[in-house]
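# Summary of the model geometry
As a plain string of letters, each chain reads:
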4 protein chains.
Amino acid sequence: VILPPLTRHLGLDELQAAAAAVLPVGSAEFLETGARGELTVRANVAAWSSWWLRPRVLVDVAEVSTASTVLDLPVRVPILVAPMSLQRVAHPDGESGVARAVAAREGLMIVSMGTSTPIEELAAILGRRWWMQLYLLSDRDLTASIARRAASLGAGALVLTVDAPRVGTQSRPRDGFRYPDGVSDVLVDPTAWTIGSDRRLTWDEVHWLQDQVDIPVILKGILHPDDAARAADDGVRAIVVSNHGGRVLDGTLPTALALPAVTEAVGGRLEVYVDGGIRRGADVLRALALGARAVLLGRPVLWGLALGGSEGAGEVLDLLAEELDTDAALCGVADVAQVPHDLVERI
Amino acid sequence: VILPPLTRHLGLDELQAAAAAVLPVGSAEFLETGARGELTVRANVAAWSSWWLRPRVLVDVAEVSTASTVLDLPVRVPILVAPMSLQRVAHPDGESGVARAVAAREGLMIVSMGTSTPIEELAAILGRRWWMQLYLLSDRDLTASIARRAASLGAGALVLTVDAPRVGTQSRPRDGFRYPDGVSDVLVDPTAWTIGSDRRLTWDEVHWLQDQVDIPVILKGILHPDDAARAADDGVRAIVVSNHGGRVLDGTLPTALALPAVTEAVGGRLEVYVDGGIRRGADVLRALALGARAVLLGRPVLWGLALGGSEGAGEVLDLLAEELDTDAALCGVADVAQVPHDLVERI
Amino acid sequence: VILPPLTRHLGLDELQAAAAAVLPVGSAEFLETGARGELTVRANVAAWSSWWLRPRVLVDVAEVSTASTVLDLPVRVPILVAPMSLQRVAHPDGESGVARAVAAREGLMIVSMGTSTPIEELAAILGRRWWMQLYLLSDRDLTASIARRAASLGAGALVLTVDAPRVGTQSRPRDGFRYPDGVSDVLVDPTAWTIGSDRRLTWDEVHWLQDQVDIPVILKGILHPDDAARAADDGVRAIVVSNHGGRVLDGTLPTALALPAVTEAVGGRLEVYVDGGIRRGADVLRALALGARAVLLGRPVLWGLALGGSEGAGEVLDLLAEELDTDAALCGVADVAQVPHDLVERI
Amino acid sequence: VILPPLTRHLGLDELQAAAAAVLPVGSAEFLETGARGELTVRANVAAWSSWWLRPRVLVDVAEVSTASTVLDLPVRVPILVAPMSLQRVAHPDGESGVARAVAAREGLMIVSMGTSTPIEELAAILGRRWWMQLYLLSDRDLTASIARRAASLGAGALVLTVDAPRVGTQSRPRDGFRYPDGVSDVLVDPTAWTIGSDRRLTWDEVHWLQDQVDIPVILKGILHPDDAARAADDGVRAIVVSNHGGRVLDGTLPTALALPAVTEAVGGRLEVYVDGGIRRGADVLRALALGARAVLLGRPVLWGLALGGSEGAGEVLDLLAEELDTDAALCGVADVAQVPHDLVERI
């Protein structure tokens, strides 16, 4: 155990301040800041708790199965690592460290297009346990080449971020932020980060991207049920209900409140994942009760990474998995792939 | 009068800090802590006040009857003592002290399986005024023998805890907690506390336990109306709507909000009791208005015990009974066994 | 102008602390305390503001009429002085001072049975501008004699308090409270304050009291619409929606939330007044919009009395009347006897 | 850039304290204070955020059009400058400075009847980019002459304030407020500010005013849908949903909550603008989603003016326009004249 001991009682939230304490101010802000007034950053976390649990009892929970699959890939727990750029800012172990933690736990890592580690190195660690996140760059050739390179390295899917046609504005200055020595984007030269410089990102571009590869293209950043339904109509196999962790557009609906209408709209025609504010095993249960198939965990993984490198990131994943296992049992849920809708209620 | 004088004005909540001040830190935390973030510990208390009272007037309340029965046993007020382990941690009087307070007031004590006083000693004090709480231990023989022993000693019912198939995780460390000298579990050896090590606790086990004894088996820890309806269908005679005082699973619905759906689901086919966050006589009225037949009082009894031994525990019971008597009259309720549903409203 | 100058900007609430500062602690607590946890004391004030105003415009409000009648008595503004005992505790001017302020403003004073000034003295000041509040004492003869004495002195109505079949318990100690020299109950000897010692106070007793006098008996302390409807059925001419200022039963519905169901239930068959937490002219408008014919003002009158004797009490009444006049105009209400229901909304 | 640098991250709210720091106390209070308890001042700001955004994705937002028209006048962004008196109190640049900022940005300024700069000077700067706000003075001839003078100078509309038949009472004292040297009302002599001394302001007076000029008369200060419908019935071409920034009547519904019923009632028959508490580009989007055609920006313009004169006021307008452009794109809104209703939700 490398993380501070209290965390096993107080949960992941306690790691936030601990991580900030070991990082330069600019790096900590790079991890934490959200768009403008950070209403959504805070609301994301709070909204999960607004769903109260109403457990079932006298169910056989001698063995709880937390196993699930995402796009047919078996995972030990339905907790994926969200795409986050420049992980070597948090710790020299960076993306490799997170990848080792994920691989050892039979999880899945979504590698950010802004990775500070070559994807060949990550693919060697992760095997098939990774997906590749992409923005649609103005340079379509570069976008396509990264997509094909990831596919050829074994990525199981592309995760196209659709909620950031422009870069949002963080509320706190990042003036103190400097790339640590030797840390840089390795896939995209800083001068090529003209995301959407023509800024056209429509369903046509989704189809274009899908045409570049044989692996599925997942859409990340959907909040409106009509967009979810359109994705299902278009044959998209999975979407991520996300507001980009509150980093792009402030004031968006917290994902815990957006999720139910989305899962209802798609009616099981595609897989729905969700991220934003997940801090407790019970939050994972809430997400599953509301129709998600898995959650993406973001900032807490970097807190663990900052505090303990690969081992710290792994302990964060373990802690959440243990909470999920225990709280599932206490909710009378023997199989987290079968969480009933009426486990949760806002009242 | 042994309790601090202000308590007669500010109510039981004021005793919490007073009790903590006279106990070692670890012992106070043993009494107070809840699971994880303690959302439910706090919500339990707050939820009762969210039900506003709408009193009736010009009713004859010259005499208020607070008398009721629980499973045909007459009690002077419908306030039972909840099962709590290791009461000698709070005060050397321990379970015997609470038992004396209960017997003198014609109440009912639910003795915890984790009692630090032999049940023979308690039975001698309580006569028929006690029920025996049980966990289903992995050691079924031990479980059955305790059940039969309690029945033979005059316990009126077994209270099977069904909401803790696993032990929850308290939010605050109990590292400071040491059993005071001479205090220990007397029914279950610490090594046998492998509650649910096979962790199978289903309706089959309820029936198995009922087969061991001639006294009724009550289920404690039901929040979902479907579980309550199933209990009624299976011939269970009483249930306790409870989230274990927020000590097992954090984020569960406060009992004051779970209760109405449960009482509606059972439609009078079994007796419903409730615990969690009861601090005022008016909270008892609220519970009765929402369909409960009685409440269980937990932590406040131990605060009184810590502050004044048996006499302190008794004063806590008296204080709540006096508040109930006065507030019933002020609500136009002449018989607390007949509290109308429309006495309370959330608005 | 005798009151602190800021009050003309910040409203009556500002007077509370100012009054407490000029009184002995016990006297200030005697004025302010409520039952138990004082939930209702606070909620009474807050609930009025939960009704937002939706003004009408382009109405002719060149002249606003605030005049109304209560039981056919014309009053300049529909703001009556609530019955409050022992007003000489607040200031030597006591009830006489309040009476002079009321008479000069063509208002109405409800004289408390616990008056510290003889009612003959008050009647001489008030003429017909007073009603007599009564509790039903165990000593029925005394009750009847006070009722008849008040009627013969010109009281326009009896106001029977029906929400205190027992005395509530104030949350803060009154140990510091001593009757100031020369202050005492003048109608009821302290030994006779055995309110409801037989505690039978039902509709029969209402009828009995009505049989003692030729003036109407008003019921004060109704919150439930069924009780209001029963009053109308029984020929009662007016009721006061009240929770006794939160001094008797804590946790009762704030009057601003109880009022709408009551006025709907009586459908204009009797006059409805309301008290509890009125602090602003706009609160009076809200009460009228919700169906009340007038409000009773309590504690703020005593704050004014404490700070400036009769003149101070009068300034409080003036301040609220001025706010009512101004805010009525700003709401497009030319006649406060005709406030439309849709002026207010909870949203 | 003349404004403090952090504002580009934290938004306009940050300017409030900065502006207060550079002004005399009385002047700052003149800008900020609201009526009585300032409930509405605060609620106006908070209510916008209670509408969560539910963005659409995969829309072509390569180019966002913020252009719109108000009464057929093209504006670059649908953000108008609200009428505010005595702008030279904030900065010597005063109304001229604001006018230069507005003209340079192809916006629209509503000039207050309480202007401290002659309207001839403003008309010379603004061309047709201004409307003239009026109160109905008791001196009808003066009112009519100002109206005609404005029309002849090129004002595109008269904006009649209908929500202030009387002057409200600010909560904080303005005793410290003195007109800075050389600052005064230039249209209305202080002795003529007997707004509504006969206080008759009805639909008749609206028609009378309309008869004085050939430009449209807009009504500012409507909150009730029935008044909005009446305006449409009477041929009024535009209204402003406003509670006068909370400066006149405290407790009025926040405009963000009043707006939906108004736009529904008029069904597109007239143009609806809204003011009160707009601080973010996303607030503008929310207003447009709820059916407004444009917003009026008030206090923030004066904060910018106080901090940087004309240039500061212009930067405030730029900042809000930039936020609107970015957040529209992030919401999937390519044309702010076409914001779908379901972009926002209270949940």
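Residues numbered from 1 in each chain as written. Chains lettered and ligands numbered in written order. Predicted model: local features only at pLDDT ≥ 70, side-chain atom pairs only at ≥ 80, totals over all residues. Heavy atoms only, no water.

Looking only at helices and strands, chain A features twelve helices and twelve strands. For 347 residues, the compact-globule formula gives about 20 Å, and the C-alpha radius of gyration of chain A, at 19 Å, lands near that figure. Considered along the principal axes of its C-alpha atoms, chain A spans approximately 60 × 45 × 40 Å. Taken over 347 residues, chain A has a buried fraction of 65%. Accessible surface, chain A: about 11,400 Å² in total, of which carbon and sulfur atoms supply 51%. Distance between charge centroids for chain A: 3 Å, based on 31 positive and 44 negative side chains. (Helix = DSSP H or I, 4+ residues; strand = E, 2+ residues; numbered from the N terminus. Rg over C-alpha atoms; globule rule 2.2 N^0.38 Å. Buried < 20%, exposed > 50% of the residue type's maximum accessible area, 1.4 Å probe, protein only. Areas by Shrake-Rupley, 256 points an atom, 1.4 Å probe, with all protein chains shown as cover. Lys, Arg positive; Asp, Glu negative; His and termini not counted. Charge placed at Lys NZ, Arg CZ, Asp CG, Glu CD.)

What follows covers the relation of the copies chain B and chain A. When chain B is brought onto chain A, the operation consists of a screw motion whose angular component is 90 degrees and whose axial shift is 0.1 Å, with 0.0 Å RMSD remaining. The symmetry that links the two subunits is that of a four-fold axis. When each C-alpha of chain B is compared by its distance to the rotation axis, Ile347 of chain B comes out closest, at 8.6 Å. (Least-squares fit on C-alpha atoms with pLDDT ≥ 70 in both.)

What follows deals with the interface of chain D and chain A. Taken together, the contact between chain D and chain A spans 28 residues of the former and 42 residues of the latter. Summed over both sides, the interface between chain D and chain A buries roughly 2,900 Å², with carbon and sulfur atoms accounting for 59% of that surface. Where chain D meets chain A, there are five salt bridges. Applying the counting criterion to the chain D and chain A interface returns eight residue pairs in polar contact (both at pLDDT 80 or more). Elements represented by at least two residues in the side of chain D that touches chain A include exactly α1 (7–10), β1 (52–53) and α12 (299–330) of chain D. With six residues, α12 of chain D is the largest single contributor of residues to the side of chain D that touches chain A. Split into classes, the residues belonging to the side of chain D that touches chain A amount to 15 nonpolar, three polar and ten charged. (Contact = heavy atoms within 4.5 Å. Buried area = accessible area lost by both parts, 1.4 Å probe. Salt bridge = Lys/Arg side-chain N within 4 Å of Asp/Glu carboxyl O. Polar contact = N/O pair within 3.5 Å; in protein donor to acceptor, adjacent residues only side chain to side chain. Nonpolar A, V, L, I, M, F, W, Y, C, P; charged D, E, K, R; others polar.)

Moving on to the packing of aromatic side chains. Using the criterion set out here, one finds four aromatic pairs over all chains in the structure. Relative to Tyr273 of chain A, the ring of Trp131 of chain A lies with its centre 5.8 Å away and its plane at 35 degrees, an arrangement referred to as tilted. Here Tyr273 of chain A lies in strand β10 (residues 271–275) and Trp131 of chain A lies in strand β6 (residues 130–134), a separation of 142 residues in the sequence. Residues Trp131 of chain A and Tyr273 of chain A agree in their burial class; the two are buried. Seen from the ring of Trp51 of chain B, Arg346 of chain B lies directly overhead, with NZ or CZ sitting 6.0 Å from the centre. Its end group placed over the ring of Phe30 of chain D, Arg247 of chain D keeps NZ or CZ at 5.9 Å from the ring centre. (Phe/Tyr/Trp six-rings, centres within 6.5 Å; stacked < 30°, edge-to-face > 60°. Lys NZ or Arg CZ within 6 Å of the ring centre and 35° of its normal.)

What follows is about helix α3 (residues 25–32) of chain D. With respect to burial, α3 of chain D is a largely interior element, seven of its eight residues being buried. Close packing links the buried residues of α3 of chain D with α2 (13–22) and α12 of chain D.

To continue, consider the packing of helix α2 (residues 13–22) of chain A against helix α12 (residues 299–330) of chain A. Residues and elements named next belong to chain A. Here α2 crosses α12 at 140 degrees, and the two axes come no closer than 9 Å. By the angle class used here, α2 and α12 are oblique. Within the contact between the two elements, α2 uses Asp13, Leu15, Gln16, Ala18, Ala19 and Val22 and α12 uses Trp303, Ala306, Leu307 and Val316. (Axes fitted to C-alpha atoms, helices over the stretch in contact; angles between N-to-C directions. Parallel < 35°, antiparallel > 145°, perpendicular 65-115°, else oblique.)

Let us look at the pattern of salt bridges. On inspection of all chains with the given rule, the structure shows 80 salt bridges over all chains. With a closest N to O distance of 3.2 Å, Asp60 of chain C and Arg200 of chain D form a salt bridge. A residue pair is termed interchain when its members come from two chains, as with Asp60 of chain C in the loop between β1 (52–53) and β2 (68–70) and Arg200 of chain D in the loop between β7 (158–161) and α8 (203–212). The class of Arg200 of chain D is partly exposed, set by a relative accessible area of 30%. Between Asp72 of chain D and Arg237 of chain D there is a salt bridge, and its shortest N-O distance comes to 3.4 Å. Separated by 165 residues along the polypeptide, Asp72 of chain D in the loop between β2 (68–70) and β3 (73–75) and Arg237 of chain D in the loop between α9 (225–233) and β9 (238–241) bring together distant segments of the chain. On the basis of relative accessibility, which here comes to 61%, the residue Asp72 of chain D falls in the exposed class. Each of the salt bridges in this network shares a partner with another, and the network as a whole consists of Asp60 of chain A together with Arg140, Arg200, Asp204 and Glu205 of chain B.

Here we take up the pairing of strand β11 (residues 294–297) of chain B. All names here are of chain B. Across the two faces of β11 the burial is the same, with Ala294 and Leu296 and Val295 and Leu297 all buried. Across three bridges, the pairing between strand β4 (residues 79–81) and β11 is parallel. Bridge pairing in β11 places Val81 opposite Leu297. Pairing of strand β10 (residues 271–275) with β11, which is carried by three bridges, proceeds in the parallel orientation. Bridge assignment links Tyr273 to a residue of β11, and that residue is Ala294. Where the polypeptide runs from β10 across helix α11 (residues 281–289) and back to β11, its parallel neighbour, the crossover connection is right-handed. (Pairing = 2+ DSSP bridges. Right-handed = clockwise from strand over helix to strand, strands pointing away.)

The interface of chain B with chain A comprises 42 residues on the first partner and 28 residues on the second. For the pair chain B and chain A, the summed buried area comes to about 2,900 Å², and 59% of that belongs to carbon and sulfur atoms. Broken down residue by residue, the surface that chain B buries against chain A is led by Arg36, Arg166 and Leu249 of chain B, which jointly contribute 25%. The interface formed by chain B and chain A holds five salt bridges in total. Residue assignment for the side of chain B that touches chain A shows that the elements contributing at least two residues are α4 (39–49), α8 (203–212), β8 (217–222), α9 (225–233) and α10 (255–266) of chain B. Class assignment of the residues belonging to the side of chain B that touches chain A gives a composition of 21 nonpolar, ten polar and eleven charged.

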